[in-house]
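# A closer look at the structure
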Amino acid sequence: MTATESGGFARSAALRVHIGGGIAVEAAESLTAAAHEVCPYSAATRGNVPAVLSTTAA
């Protein structure tokens, strides 16, 4: 939940993705973005719930 300018509250999402296996960070970020586009939960909330993607790779 995040506070709104009018003093109310709204939902928001932070997706923290970690991909191992020695993949490059750029490739991991691309995979995360692609998964977010086809994810049924992301599709259901797109336009209604702001989401921030954060990807790390190792």
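Scroll up for the structure.
These figures come from a predicted structure and were not determined experimentally.

Calculation rules
- Residues numbered from 1 in each chain as written.
- Predicted model: local features only at pLDDT ≥ 70, side-chain atom pairs only at ≥ 80, totals over all residues.
- Heavy atoms only, no water.
- Helix = DSSP H or I, 4+ residues; strand = E, 2+ residues; numbered from the N terminus.
- Buried < 20%, exposed > 50% of the residue type's maximum accessible area, 1.4 Å probe, protein only.
- Contact = heavy atoms within 4.5 Å.
- Expected span 1.5 Å × (residues − 1).

To continue, consider the environment of A13. Within the secondary structure, A13 is located in strand β3 (residues 13–19). In this structure A13 comes out as partly exposed when scored by relative accessible area, which is 26%. Contact partners of A13, with chain neighbours within four places excluded, come to V49, P50, A51 and V52.

Turning our attention to the side chain of T32. Along the chain, T32 falls in helix α1 (residues 25–38). With a relative accessible area of 6%, T32 lands in the buried category. The contact partners of T32, leaving out residues within four places of it in the chain, are V17, I19, L53 and T55.

Taking 1.5 Å as the rise per residue, α1 with 14 residues should run 20 Å; its terminal C-alpha atoms sit 20 Å apart, in good agreement. For α1, the secondary structure elements touched by its buried residues are β3, α2 (40–45) and β4 (51–57).

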